[in-house]
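Notes for the structure review
What follows is the residue order along each chain.
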Amino acid sequence: MEKKTITISLRRFILIVVAAVVLFVGGIGFVLYRAGFALQWSQKYQRLRNLEKIVEKNYYTDDVSQEDLMDGVLKGYISGLNDPYSRYMTAEEYASLQETESGKTVGIGVTVTQTEEGYLQIMEVTEDSPAQAADLRVDDVLLAVDGTDLTEFEDYQDAVAHIKGEEGTTVSLTVRRGEQTLEKKLIRKEMDVTTSYGVMLNDQIGYIRISSFKENTAEQFSQALQSVLQQNAKGIVFDVREDGGGLVSVLEKILDPLLPAGEIATATYGNGKTETLVTSTEGELDLPMVVLVNGNTASAAELFAASLHDFGKAKLLGTQTFGKGIMQTTKELDDGGALTLTVATYQTTKGVCYHGVGITPDVVLEPAESDSIDLQHPDPATDAPVSYTHLRAHET
């Protein structure tokens, strides 16, 4: 059989050899890169593996939930950021957050804050709630739930979750009121949370309370605003004392009828990019306004106060605000849990970021004077004269 001879030019031969070498070296490089990445990953988490081995070998019982261990690892990873606002949530915790943000809740109907001792102090009691029916009061301190001291729970959220429970179930609370210790039994129920309402302090001054910024707050605020305007209010007092904030999207809806059209607030992200956070499109309200603030006015509530102040629409009265000018986003994960992560700072377009500093009111009041208006039952006889004085001062 006659053999065929294939002739390849020297130039083409060199190109083929070079291409083969490149592919070979590239393949080795990719393998080495993957190996190096795997080595880095292995070294990074070797401490965790070592810890796991010690636990598996020495822990006194095999009754260990692997899911709980993984949840603990994920929570610990995020806690390493040393950011009190970033956290990993289990599926159950995320569902609770969604319920809270919706403005509907199952529980006993109280707003609480954690004391230095680790207990829960009542800041507000919801109207027509199990707490009100059981005669729980503002400043009562919750010490135990179903016989378990609140300081024994993992954290603040864990203690609150045990109090909330399921609709129709009974919860037993140990309560401190002054020098007394009381035992209360309550039946949990689902409630629409009242986050904003309005009343007239007299025939001239409207009073609008905002306790938080939830999904139902914008509608309640709109109803409150229309109510006082229909009663011919000549000025409005907005009260965001003890308001820890909430959803910025809701804040935008609330500010819309109060401020001139345009960009109101911006967010600045870690990469330096700045985006519009709050805009206003409607005509602004042309009335004298003041905003009551205190040390627990935070987040969206602070931005509400700062926006009205920086755009020259309102004076601030009270004490220095909390100083939370950073924003979080929440991303749902594949396991049904979620990650809340701080992603940006924010400020009004006419001011500066007040994070870690707070906002100093135009009129600084002593705490006793600042808190003189009852959050739940404003009294025209006592509250109107003080409010009217500051509204007139702002008007002139």
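Everything here concerns the structure above.
Residues numbered from 1 in each chain as written. Predicted model: local features only at pLDDT ≥ 70, side-chain atom pairs only at ≥ 80, totals over all residues. Heavy atoms only, no water.

1. A short note on the pattern of salt bridges
Counted under the stated rule, the structure contains 12 salt bridges. Taking the shortest distance from any N to any O, the salt bridge between D192 and K104 comes out at 2.4 Å. With D192 in strand β9 (residues 189-192) and K104 in strand β2 (residues 104-107), this residue pair connects regions lying 88 residues apart in the sequence. For K104, a relative accessible area of 40% gives the class partly exposed. The residue K313 makes a salt bridge to E284 at a minimum N-O spacing of 2.9 Å. Within this pair, whereas K313 is found in the loop between α9 (300-310) and β16 (315-318), its partner E284 is found in the loop between β14 (274-280) and β15 (289-293), the two being separated by 29 residues in sequence. Several salt bridges share partner residues, and in doing so they unite E124, R209, D239 and R241 into one network. (Salt bridge = Lys/Arg side-chain N within 4 Å of Asp/Glu carboxyl O. Helix = DSSP H or I, 4+ residues; strand = E, 2+ residues; numbered from the N terminus. Buried < 20%, exposed > 50% of the residue type's maximum accessible area, 1.4 Å probe, protein only.)

2. So, the pairing of strand β4 (residues 120-125)
In regular strands, side chains alternate between the two faces of the sheet. Most of β4 is tucked away, with five of its six residues classed as buried. Two strands pair when backbone bridges link them, and strand β3 (residues 110-114) and β4 are joined in this way by five bridges, in the antiparallel orientation. Across the sheet, T111 pairs through a bridge with E124, a residue of β4. The turn joining β3 and β4, which pair antiparallel and follow one another in sequence, is formed by five residues; a positive phi near 100° is taken by G118. Examined bridge by bridge, β4 and strand β5 (residues 141-145) share two bridges and lie antiparallel to one another. When the sheet's bridge partners are listed, L120 is paired in β5 with L142. (Pairing = 2+ DSSP bridges.)

3. Quick notes on helix α4 (residues 91-102)
Helix length check: α4, at 12 residues, gives a terminal C-alpha distance of 17 Å against a target of 16 Å (1.5 Å per residue), a fit within 8%. Following α4 by one or two positions, G103 has its phi on the positive side, about 90°. (Expected span 1.5 Å × (residues − 1).)

4. Let's talk about the packing of aromatic side chains
This structure, assessed with the given rule, holds five aromatic pairs. Between the aromatic rings of Y197 and Y207, the centroid separation amounts to 6.5 Å while the plane-to-plane angle is 50°, which identifies the pairing as tilted. Note that Y197 is positioned in strand β10 (residues 196-200) and Y207 in strand β11 (residues 205-210), a separation of 10 residues in sequence. Y207 carries the same exposure label as Y197, and that label is buried. Considering the side-chain rings of F213 and F304, the 6.3 Å spacing of their centres and the 50° angle between planes classify their relative orientation as tilted. (Phe/Tyr/Trp six-rings, centres within 6.5 Å; stacked < 30°, edge-to-face > 60°.)

Worth remembering: the numbers are spatial, not functional.
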